Amino acid sequence: MEREYELTGEQKKAYAENEADLSNFETQMRNIQGTANSRLAAANLRFDPDAPYCYQCPCEQFKGPQHSCARPTCGHSRLRHNGFI
Ligand SMILES: [Zn+2]
Ligand SMILES: [Zn+2]
């Protein structure tokens, strides 16, 4: 029997509600990222859809197992870097 079928109604509800919230969040985040990239491009700042640059400062990139930025002075969360989603 698949593990999936062992879930209780309450557990399925928890997953379903998480899915709904995260889907909403991803949609909003994509919109925010699109706007952020448009602003950077308009201001002649870094705009490269494939790179993990910051939306708020000229950091090099976000990387590492600690999810820290390559630029110590960045200090912005992973969420604020391109490529989060
Ligand atoms: Zn950074
Ligand atoms: Zn930054």
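The numbers attached to residues start from 1 for each chain and follow its sequence in the written order. Whichever chain is written first becomes A and whichever ligand is written first becomes 1, with later ones labelled in order. Local features in a predicted model are, by the rule used here, given only for residues with pLDDT of at least 70; side-chain atom pairs are given and counted only at 80 or more, and totals for whole chains, interfaces and linings are based on all residues. Side-chain metrics in this entry use all non-hydrogen atoms of the structure; hydrogen atoms and water are not considered.

**Description of the coordination of the zinc ion (ligand 2)**
Tetrahedral coordination by four donors sets the ideal angle at the metal to 109.5 degrees; octahedral coordination by six donors sets it to 90 or 180 degrees.
(1) Moving on: Coordination shells were defined by N, O and S atoms within 2.8 Å of each metal, extended to 3.2 Å for Na, K and Ca; water is absent from the atom set, which can make sites look incomplete. Taken together, Cys54 (SG), Cys57 (SG), Cys74 (SG) and His76 (ND1) make up the protein donors of the zinc ion (ligand 2), found 2.1 to 2.3 Å from the metal.
(2) Moving on: Labels for metal geometry use angle windows, namely 85 to 135 degrees for all angles of a four-donor tetrahedral site, and for square planar (four donors) or octahedral (six donors) sites opposite donors over 155 degrees apart plus all others within 65 to 115; sites meeting none of these are irregular. Geometry at the zinc ion (ligand 2) is tetrahedral, judged from the 4 donor atoms that bind it and their angles of 96 to 121° at the metal.
(3) Moving on: Between consecutive donors of the zinc ion (ligand 2), the numbers of intervening residues give the motif C-x2-C-x16-C-x1-H.
(4) Moving on: Between the zinc ion (ligand 2) and the zinc ion (ligand 1), the interatomic distance is 3.7 Å, and Cys74 donates to each metal, bridging them. With Cys57 in the loop between helix H1 (9-42) and strand S1 (62-63) and His76 in the segment after strand S2 (68-69), the pair connects residues that are 19 residues apart, well separated along the chain.
(5) Moving on: Under the scheme applied here, a residue whose accessible area is under 20% of the maximum for its type counts as buried, over 50% as exposed, and between as partly exposed, the area being computed with a 1.4 Å probe on protein chains only. Cys57 sits in the buried class, given a relative accessible area of 18%. Strands here are runs of E lasting at least two residues and helices are runs of H or I lasting at least four, both read from the DSSP assignment and numbered beginning at the N terminus.

**Topic: the side chain of Asn82**
(1) Moving on: Tracing the backbone shows Asn82 in the segment after S2.
(2) Moving on: Take Asn82: its relative accessible area is 7%, and that puts it in the buried class.
(3) Moving on: Of note is the side chain of Asn82, whose polar atom sits 2.9 Å from the backbone oxygen of Ala51.
(4) Moving on: Here a polar contact means two N or O atoms within 3.5 Å. Within protein one must be a hydrogen donor candidate and the other an acceptor candidate, and residues neighboring in sequence count only if both atoms are side-chain atoms. Looking at Asn82, its side chain comes within polar contact range of the side chain of Tyr55, at 2.9 Å.
(5) Moving on: Sequence-distant contacts of Asn82, that is, excluding residues within four places in its chain, are made with Asn37, Asp48, Pro49, Asp50, Ala51, Pro52, Tyr53 and Tyr55. Contacts were defined at the residue level, with two residues in contact if any of their heavy atoms lie within 4.5 Å.

**What to know about the coordination of the zinc ion (ligand 1)**
(1) Moving on: The protein atoms that coordinate the zinc ion (ligand 1) are Cys59 (SG), Cys69 (SG), Cys74 (SG) and His81 (NE2), at distances spanning 2.1 to 2.4 Å.
(2) Moving on: Around the zinc ion (ligand 1) sit 4 donor atoms; with metal-centred angles ranging over 99 to 122°, the donor geometry is tetrahedral.
(3) Moving on: When the donor residues of the zinc ion (ligand 1) are listed from N- to C-terminus, their spacing reads C-x9-C-x4-C-x6-H.

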